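# Residue-level structural notes
Here is how the chains run, residue by residue.
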Amino acid sequence: MQLIFDSLTGNVRRLAGRVTQRLDAPPALDVRHAEPDGDFLLLTYTFHRGEVPDTTLAFLARHGHRLRGVVASGSYHWGTHFARAADMIAVRYDVPVVAKVNKGGTDADVAQITGWVQAHRTELL
């Protein structure tokens, strides 16, 4: 399963890199250039007050049928809007929210995401 990310500040890009490193997987692909050849896990960020970034929306409009789970980054200071992009995408594409992470995530977040990918790897290939 591929990991595909959308990052504004670099937090999600770094998180995706940590996950792929732990999985010993190929590098994650940026939504701006990605053409997935199979199912994928999306890692994205939350924009403004809980919005999904336009670049993520455009990518999902083309490839959302292959989406199998979503991770969203945000900042705790947004309160109820924290990482809300994950909820919005999960509802729209009927996929699970794998994780919501504060900024670049913690080691525990990386372990949670990695565990989900490992548990679903065979069913999603």
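Coordinates for the structure precede this section.
Quantities reported herein were computed from a predicted structural model and do not represent experimental measurements.

Next up on the list: the nonpolar core. If you look at soluble globular proteins, the nonpolar side chains tend to sit buried side by side. Counting residues in each nonpolar core, the largest one holds 20 residues, and the members touching the most others are Leu3, Leu15, Leu41, Leu43, Val71 and Ile113. Mapped by element, the contributors of at least two residues to this core are β1 (2-5), α1 (11-23), β3 (40-45), β5 (97-102) and α4 (107-124). When residues in this core are grouped by element, the largest group, five residues, is from α1. With 18 residues, the next largest nonpolar core counts Leu42, Phe59, Val70 and Val95 among its residues.

Pairing is parallel in the open sheet, where five strands are placed in the order β2-β1-β3-β4-β5. Across the chains shown, the open sheet's two edge strands, defined by having one partner strand only, are β2 (29-30) and β5. Pairing between β1 and β2: two bridges, direction parallel. Residue pairing for β2: Phe5 is matched across the bridge by Asp30. Most of the contacts of helix α2 (residues 54-63) go to β3, to which it runs at about 160°, and overall it touches β1, β3 and β4 (67-74).

Applying the stated criterion across every chain yields a total of six salt bridges. Notably, a salt bridge pairs Asp6 with Arg32, separated by 2.7 Å at the nearest N-O pair. Taken as a pair, Asp6 in the loop between β1 and α1 and Arg32 in the loop between β2 and β3 lie far apart in primary sequence, 26 residues in all. Residue Asp39 pairs with Arg66 through a salt bridge whose shortest N-O separation is 2.9 Å. With Asp39 in the loop between β2 and β3 and Arg66 in the loop between α2 and β4, this residue pair connects regions lying 27 residues apart in the sequence. Residue classification places Arg66 among the partly exposed residues on the basis of a relative accessible area of 28%. Through salt bridges with shared partners, a single network forms among Asp6, Asp30 and Arg32.

All right, on to unusual backbone geometry then. Of note, the phi angle at His48 is positive, near 50°, even though the residue is not glycine. The topology assignment puts His48 in the loop between β3 and α2. Since its relative accessible area comes to 48%, His48 is described here as partly exposed. In the Ramachandran plot, Lys103 falls in the positive-phi region, its phi being about 55° despite a non-glycine side chain.

Right, let's get into α2. For α2, the set of buried residues is Thr56, Phe59, Leu60 and His63. End-on view of α2: buried residues confined to an arc of 100°, all on one side of the axis. Facing away from the buried side of α2 by more than 90 degrees, the exposed set consists of Asp54 and Ala61.

What counts, and where the lines are drawn
Residues numbered from 1 in each chain as written. Predicted model: local features only at pLDDT ≥ 70, side-chain atom pairs only at ≥ 80, totals over all residues. Heavy atoms only, no water. Core = buried A, V, L, I, M, F, W, Y, C linked by side-chain atoms within 4.5 Å. Buried < 20%, exposed > 50% of the residue type's maximum accessible area, 1.4 Å probe, protein only. Helix = DSSP H or I, 4+ residues; strand = E, 2+ residues; numbered from the N terminus. Pairing = 2+ DSSP bridges. Contact = heavy atoms within 4.5 Å. Axes fitted to C-alpha atoms, helices over the stretch in contact; angles between N-to-C directions. Salt bridge = Lys/Arg side-chain N within 4 Å of Asp/Glu carboxyl O. Arc of directions from axis to C-beta.

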